[in-house]
Each structure stands twice: as structure tokens, then as C-alpha cells.
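Coordinate analysis (summary)
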Amino acid sequence: YRNVIVNDLVLDPEGQKMSKSKGNVVDPWEMIGEFGADTVRLYLLASSQVWLPKKFDRRTIPEVAGGFLQTLQSTYGFFRLYADDKAIDVAPGASQRPLLDRWVLARLDATVEAVFAAWDQYDATTGVRALMDFVVNDVSRWYVRLSRSRFWAPDSAAEPAAVATLHEVLATVARLLGPAAPFASDWMHRALTGETVHLARFPMSSGRRDEKLEAAMDAVRRVASLAHAARQQQRLAVRQPLARLQVAIPAAVRASVSGELLELLRLEVNVKEVEIVASDTDLVRLRAKPNFRSLGKRYGKRTPAVAAAALGLGADALRGLEEGNTATLDLDGEAVTFLPEDVVVEREVASDWLVGSDGPFVAALDPRLSPELREEGISREMVNRVQRLRKEAGYAYTDRIALWVSADDLVLDAVRRHADFIQNETLARQLEVGRAPAADLEHHVDIDGHAVVVGMQRFADGRPSSAPQPSDMP
């Protein structure tokens, strides 16, 4: 070897040097036995630079490293459950795949570049953190969640493009992870490719970076997060459809937000219509909050008067400050210039809509619920409860069921009108209103304050069958 990275002292959670006399020594074999070698190794690499003194707190191991490995395992499990490897051979080229696939492959290349550059500088911590962020936030919380219907839908196979994309992502992640988690990465790489990760070449960027697409998707994700936050503040579940979402995003990325991206946003936020507004004027009121520290450096004793004048800055001037421009006002016959750091731009809701904002990013949801929207919300809640019961009953994800529902007229009307949706989502080949004569499982549930009884039975050979035997359990 040519270079060696040497770690500094490993300290106890309070920053004290470990010693037997103090009784604060941690047995590494106990940690490996409890958490696994890869988890401990990732914790040591990701928590701080290896050459710095490190506080070792076993309570934070699951948070720093364990959650990442669980996310990676569940993502692989999702792929293996629904994907057919034969689909990879018939998948279109990367440039011909849907926009969501092209985006995650662009993010994969960005991660490859970041990890390669970090390891090349012996900066293991930065490399591991970049990889963790990609897997957890880009792959699991966004790509996989938005792609679920492409991997599994009743009586259909997974889309080849989605299968090939996620396969490449996982195999590349395994190779990137090899130096940091040699056991987990080798297991997953062998499962995906049949070859050990430690004889595979370290990944190189494939030249698929698309900065405009990455910026546009980042804008969509930020707006979606704001919309979800606005829902949560009003305790309005995401399963309840809403009529409209209006969004404001910076002009620099507005042109890159295509109709395909807006459709992803619409589905993610669960609204019927998404509209990009040219200005957030109708959604929020902009207000200046002077930064006295910044103003004081330039205006000294005049700072209170200059700060008061900042309150008169108009919406256009405030937006310009957010974009890095300056703004000028007349104060007692003298021009006063405001720099971006002189003012914090705050937003307050200008209507009865549900609004979330973060600088120039604004999401506004129309909270009004028509009877049709309420019924659709009830049907989605019904699907959620049935899916939970399917899992509790031990059904395989492909098992067809017979379903019975008993409730008040409002719920039953919603069930009848959305019967096709409920049956399709839950694989119910039979849906009846009334009590189940001999259900495998029957539960009393609450849906939007309505008492509902749901019963189900496995459905086989054109008729309901008896309860599943233990040998049938997945």
C-alpha cells in the first residue's frame, strides 16, 4: 500500500478517553455481535472523519447506520419481490426510458462522481454520507415510492424500464458500498449479478448527468414537501384527494418543469389539478424582516431608520433580493441600498387555502371538499384498511380475496361508487355490502369517524376458500 488513514482516539459518549479504571471501555466484539460488522463499520465512517477524535455512543448506531442498511435491504426486497430479471433484457435504452428513470440514473451518476472523488481524496466520511443520502432520499423515498405501480399492478408484469433501472441502481450502489460495508454489499451484488463485488470494477460515471432535470425534480420535491406539510398542519390526510394545487417556483427552473413532472407532483400530493402560477402574489403576502446586524455594519446610527424603511419594500423588490439582486429606496432624499443579506423575506397566507412556503417555493392547496372528493377519500381509506388486514391475515401479495363491508349509508355509497377502484387495489374478486358469513378475518375500523366492519376471505377457484394454513404463509 502507499497510504494509510489512521483513526484518532475513540472516546465515550461524554468525550472522555476510554479506560478500564473508568469502566467506560466498549468491547468491539459485543458491538459487532449486537449490530453486525457492517453496521458498526458504517457508523464509524459516517459519524465523523476517521482521523478526528470520535465519541462512540452505541445508542446512535441504529440511527446513523442501521436505518440506512434497513432501507437498502427493503429496497432490494421490493425489487426481488416484484421484478422479473428477464425484463432487463427487453428494457429500452436509458435515454428512451420515462423521465423518472432518467432522473434517478442522473442522480446515480452524480453520486458515483461524489463517492469516487471522496474516496480518491481518502475522505471516506463524505463518500459514505453521499451514498447514504442517495439511497435513502433519492431511491427509497422518491424513486421507489413513485414507481410502485410500475412494478406491480393486478394481472400485469413489472415495466422492463423500471426493472432495468432499479437493477442498475442497486448493483452500482453495491459496488460503491463495497469498501465501507464489505459483507452486505457482497451479498447484494452476488444476488443481483451472480458475482462478488470485490472483484468488480469500481463504478465510473456514465455521462448521464442532466442538471436541468435534476434542478427541476428538486423543485418538484420541495413543492411536494411543502404541500404535505400544509396538509399535516390541518390534519388533512394525503389519502384525501383535493381539487387543486397551485405552485410558485423560481423562474430559473420553471421552464424545465415539464408536464410529466407535474403529473408526478399531482399523484404524489393527491390532487386533481396542478397549476404553476407566474407569481406567488395571489398565494402569499411578502413581508420584509430587516437584519439589523447586517444593516448595522454599513449604516451605524442610521440603522433603525433604514430598517424601518425596509418595511416599505414591494413584492418585486423582495423577490429580487431573494434572487441575489439589490433594492434601493429613497430615505430623506438619499438613496439607501439593500443587499440580499440585509433582509429576510417572510411570507404569510393571503387566502383560506392551505399554504406552505420556503423562500420562492410556495405550494397552495384548495381545502374545499366536494361530496365526490369526500367519497373518493373514504374509498382510499377503505383500501388502506383492507391492505392492513390482508397483511394481518398472512395473505401473499398475489392472493385474491372476497371482501365484505358493513357501515352506514355514507360509507356504503362511497364503496359502491368506487367498487372497481377498491377491488383493483386490494385484489378483491368479490365485494359485497353486508356481514361476512365466515370470514378469515373480521375487524371493526374507523374511517373518518364512521364505524365500519370489514371482513375478508381468501378467494380461489372462483369462490371464497377456507382460511390460509401455516404452510401457505409467505
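Not measured: the values here are computed from a predicted model.

1. Things to note about the side chain of Asp-57
Looking at the element boundaries, Asp-57 is found in the loop between β2 (54–55) and α3 (61–82). With a relative accessible area of 14%, Asp-57 lands in the buried category. In terms of polar contacts, Asp-57 uses its side chain to reach the side chain of Arg-59, at 2.9 Å. Every residue in contact with Asp-57, bar those within four places of it in the chain, is listed here: Pro-13 and Tyr-43.

2. Brief notes about the packing of helix α5 (residues 99–120) against helix α6 (residues 124–151)
The packing of two helices is summarised by the inter-axis angle and the distance between the axes. Two elements in contact, α5 and α6, have axes separated by 9 Å at closest approach and are oriented at 170°. One way to sum up the angle between α5 and α6 is to call them roughly antiparallel. Among the residues making up the contact of α5 with α6, the classes are represented as 17 nonpolar, four polar and four charged.

3. Quick notes on the nonpolar core
Counting 84 residues, the largest nonpolar core has Leu-42, Phe-68, Leu-166, Leu-245, Leu-265 and Leu-365 as the members making the most contacts within it. Examining the composition of this core, we find that 13 residues originate from one element, α6, more than from any other. Those residues in contact with Leu-166 that lie beyond four places of it in its chain are Thr-75, Phe-78, Phe-79, Val-139, Tyr-143, Val-144 and Phe-151. With 25 residues, the next largest nonpolar core counts Ala-327, Val-343, Val-355 and Ala-364 among its residues.

4. What about the packing of aromatic side chains?
Note on aromatic pairs: each is described by the distance of the centres and the angle between the planes. What the rule picks out here adds up to eight aromatic pairs. Judged by centre distance (5.2 Å) and plane angle (70°), the rings of Phe-78 and Tyr-82 are edge-to-face. With a gap of four residues between them, Phe-78 and Tyr-82 both fall in helix α3, about one helical turn apart. Judged by its relative accessible area of 9%, Phe-78 falls in the buried class. Summarising the aromatic geometry, the rings of Phe-78 and Phe-151 are spaced 5.0 Å apart at their centres and angled 65° between planes, so their arrangement reads as edge-to-face. Of the two residues, Phe-78 sits in helix α3 while Phe-151 sits in helix α6, which places them 73 residues apart along the sequence. Of the two residues, Phe-78 and Phe-151, both sit in the buried class. What links up through ring pairs into an aromatic cluster is the set Phe-78, Tyr-82, Phe-151, Trp-152 and Tyr-397.

5. Considerations on the confidence of the model for the protein
Mean pLDDT for the protein: 89, with 96% of residues reaching 70 or above. Helix α7 (residues 160–177) holds the highest mean pLDDT among the elements of the protein, 97, whereas strand β15 (residues 463–464) holds the lowest, 54. Here residues 466–474 scores under 50 on pLDDT; set against residues more than four positions off or in separate chains, the count is 14 contacts.

Conventions we followed
Residues numbered from 1 in each chain as written. Predicted model: local features only at pLDDT ≥ 70, side-chain atom pairs only at ≥ 80, totals over all residues. Heavy atoms only, no water. Helix = DSSP H or I, 4+ residues; strand = E, 2+ residues; numbered from the N terminus. Buried < 20%, exposed > 50% of the residue type's maximum accessible area, 1.4 Å probe, protein only. Polar contact = N/O pair within 3.5 Å; in protein donor to acceptor, adjacent residues only side chain to side chain. Contact = heavy atoms within 4.5 Å. Axes fitted to C-alpha atoms, helices over the stretch in contact; angles between N-to-C directions. Parallel < 35°, antiparallel > 145°, perpendicular 65-115°, else oblique. Nonpolar A, V, L, I, M, F, W, Y, C, P; charged D, E, K, R; others polar. Core = buried A, V, L, I, M, F, W, Y, C linked by side-chain atoms within 4.5 Å. Phe/Tyr/Trp six-rings, centres within 6.5 Å; stacked < 30°, edge-to-face > 60°. pLDDT = per-residue confidence, 0-100.

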